[in-house]
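So the chains spell out like this:
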Amino acid sequence: MAKKKSDKEPPSSPHRSLQIFAVLVMLFSVFLLISIITFSVDDIPFIEGKSLGNLLHTAFSDINRPPIANALGLFGAYFSYLLLANTLGYPVVLFIVLLIAWGSTLLFTWSTPRLLIITNYTILFSVLLSSCFGVTQRMFEFPKGSIEWSGIVGAFIADGSIKFLGEIGAFLSVTTALFITFVLAAKIDLFILAQKIKSLLVACINWIREKTARDESEEESEEVETEEEEKPATEIELRIDDSEEQLQKKKETARSPKLKDNAVASDADELNPETAEDNFPPPIIEINRAEEPLPHSPKKIKEKEKKKETTIPIEIAVGTKPDEELDYVLPSVDLLEPLKKAEEIDKSELEANAELVKSKLAHFGVGIEKVTVTPGPVVTLYELVPASDVKISRIVSLQDDLQLALSARGIRIIAPIPGRNTVGVEIPNRNPAIVQLRSIIHSSKFQESKGMLPLAMGKTISGEIFIDDLSKMPHLLLAGATGSGKSVGVNNIVMSLLYRLYPHEVKFVIIDPKKIEMSHYALLRHHYLAVSPDINEDIVTNPNNAALVLKSLTVEMDNRYDLLARAGVRNIYDYTEKFKAGKLIPKDGAEPFRRLPYIVTVIDELADLMLMAGKEVEPSIARLAQMSRAVGIHLVVATQRPSVDVITGVIKANFPARIAYLVSSKIDSRTILDTNGAEQLIGRGDMLFLPGSSPKPERMQNAFVSTEEVERVTEYIARQPGYAEPYKLPTALEKKGGMSGEDNDGLTDELLAEAAHLVVMHQQGAVSFLQRKLSVGYARAGKLIDSLEYIGVVGPFTGSKARDVLVNSEQELSRILESYNIR
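Parameters at a glance
Residues numbered from 1 in each chain as written. Predicted model: local features only at pLDDT ≥ 70, side-chain atom pairs only at ≥ 80, totals over all residues. Heavy atoms only, no water. Helix = DSSP H or I, 4+ residues; strand = E, 2+ residues; numbered from the N terminus. Buried < 20%, exposed > 50% of the residue type's maximum accessible area, 1.4 Å probe, protein only. Pairing = 2+ DSSP bridges. Axes fitted to C-alpha atoms, helices over the stretch in contact; angles between N-to-C directions. Contact = heavy atoms within 4.5 Å. Polar contact = N/O pair within 3.5 Å; in protein donor to acceptor, adjacent residues only side chain to side chain. Salt bridge = Lys/Arg side-chain N within 4 Å of Asp/Glu carboxyl O.

### A few points about the environment of K587
For K587, the location among the structural elements is in the loop between α20 (572-581) and β13 (598-603). For K587, a relative accessible area of 72% translates into the label exposed. Sequence-wise, K587 and R566 are 21 residues apart; in three dimensions their C-alpha atoms are separated by 9.6 Å.

### Considerations on the sheet that holds strand β9 (residues 465-469)
Taken in spatial order, the nine strands line up as β9-β8-β17-β16-β15-β10-β14-β13-β11 in an open sheet, and their pairing is mixed. Where the open sheet ends on each side, the last strands, each with one partner, are β9 and β11 (506-511). In this sheet, adjacent strand axes meet at a mean angle of 30° when their direction is disregarded. Here helix α18 (residues 486-498) sits on the sheet in contact with β8 (454-460), β10 (476-479), β11, β13, β14 (633-639) and β17 (698-702), set at roughly 130° to β8.

### Observations concerning the side chain of K507
Along the chain, K507 turns up in strand β11. Among the polar contacts made by the side chain of K507, one reaches the main-chain carbonyl oxygen of P503 at a distance of 2.9 Å. Within the local environment of K507, its side chain forms a polar contact with the backbone oxygen of H527, the two atoms lying 2.8 Å apart. Excluding residues within four positions of it along the chain, K507 makes contact with H527, Y528, L529, A530, P597, Y598, I599, V600, Y723 and Y727.

### Observations regarding the pattern of salt bridges
Taken as a whole and judged by the stated rule, the model has 19 salt bridges. A salt bridge links R412 to E426, with the shortest nitrogen-to-oxygen separation between them at 3.0 Å. Residue R412 is found in strand β6 (residues 412-414), and its partner E426 is found in strand β7 (residues 423-428); the two are separated by 14 residues along the sequence. Owing to a relative accessible area of 9%, R412 belongs among the buried residues under this scheme. Owing to a relative accessible area of 1%, E426 belongs among the buried residues under this scheme. One continuous salt-bridge network, built from bridges that share partners, spans R412, E426, D686 and R699.

Read these as geometric descriptors, not functional statements.
Shown next as structure tokens:
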């Protein structure tokens, strides 16, 4: 009976012999490579003039074998001398590498066209390199024994070139040909290369100038230091530019929600740096600005170290309560970089793009009746009025064709524009402008904003300043790839609030798993930061500490709801109004009412928290996002990995307001915005903002704020009088309710600490587990589990399943045990 086709044995590979040949070629190439690398001139007398047969006879004879330095013995000495002296010299190594590449191609059946091109360039490059070595040897008269550098081929070409062109001509010709071959093989753009070299030279010149200036300042500082040593060590030199009466007027002006008419820049003034500078007074307090040395000079470094040791740069108002108002002045816009004059938009470029879009669509049978152009700082909007017989879906399907025709990146089609009978095509400008934060902060639109938590978002594609209110969002989710402008956007949000709200009006909880992005905000400890008593970090960087501080925020939220219920109000705004009017009078014996500042929680990288402590972090974020709006707690969450395991359904449902920066795929765009478009952005602050009240996102350019500007603002705030202690959140380690007196005796069980460590180490919260590990009875193990539930190590009883373990690390467990004095 014949076997079925499926039962037949697979036939032997017809390429087996070719594969064996490829392996042998690669092995022989490796031998040659090792022999050339270990080539020694001392081996030449032993193999020169001898054949391979004579060397074999020498190797297997009883006579004394010569002391060969080559790693492969006589074989390596013979073949290395044969290849180096009789071919191309050391450039022959390139041929050996090619042999290895061809052997790999034959063995793994890779594609050969590209390798053929590489082979051609390698042959030409190695011959020219050998000739270059030969010409160099002749020019500098190297000893005759150095033939291994150029080989006989390079020496022959060098002799002929020198006789025909002379030494200099031959050298220039060979090196030029070598350079051209390298440029063609590596596909180098010489214009871009020249620009990079120019930038490098400019950077070197600037570095030399700065170094010279630092050396001069160091010489001057030696004379100044002798004078400074005579002064008291604790003296801080401040120069007050205004009298006390003028200072009081400026403070009153800064406290008012609106600026005077002459202090607010008009739209024309925003584009004129000179006018903008005149509208705002300089900072009231300056530290020796006229004589201040360079920031990185030795004198400056010594002054900073002296201040750290002998003075406290923050004037702390000792005894000031966190809910009292400070004698505080908001930062001035002079701390931000001066406005740069924006480049004028090339009208010919706009007209050419409009005509190109119209003609390209007409080529595919899509008639356009009218094109309206609205230029913006980075992206220009072209509004198209299609003919009456044109389907909008046809225009959307031609997006890639338009992008190819315009040779532009980041084209986005809005079909149709909400509220209009037009189709929008967003095309990036060739020369984009930078939207500075100063131009937004300085505008009357921001200064006169009625929002409780105004955010200077940036400018729309029509060039209009866009301001939104975080208290109405009420939470914000930012996502985008690395380098798309996400961290700048987070800094933008924090800076916007620092420029509008006083320390008693807003507090920040900053979680920065990357440890470097938000570290400069640590200077705000005595003014704007809220901290948890369960951890010892102001800027939270540890994932376990982040889980604790989020739990503290949920407890703070519950406490605030209790206050609102006692006050008989529905939200923090009504509570604050009653508190200011003195209408909140506690009943006899009740806890007095307190001021409730807004709390903005900033999480700079959610993905890291979800990876390290997702079980603890996600429930807290979800609960805060669902309920904290009414009590004034708002979340700003950012991530560079917008995947479904980070932006989960629970988190996404409670963040209606979202910002998408440039992402790598349409899937990521849909994860953030539920629609495509973010993959077509151009990066560097180009973003799509989806407010909770709008079904479609709006494209805009995020305002830019540098690290230097953030540092200047935080240092200015830190120099002002602050609170003795930062705003304290309630502890998350205390559990509501309690145990009966009999059950409470379980906290004194000598095995409780050991049981807690076992449960956390093995992540098992079952009674039977403690019975086995501690060799105790069921009753005692049950009491230990109840005690662990009381102190917050395990969750409540869940039937036949083991209890959830709420603590992930020994560090967190140690804090819990210490708080209950359990040892």
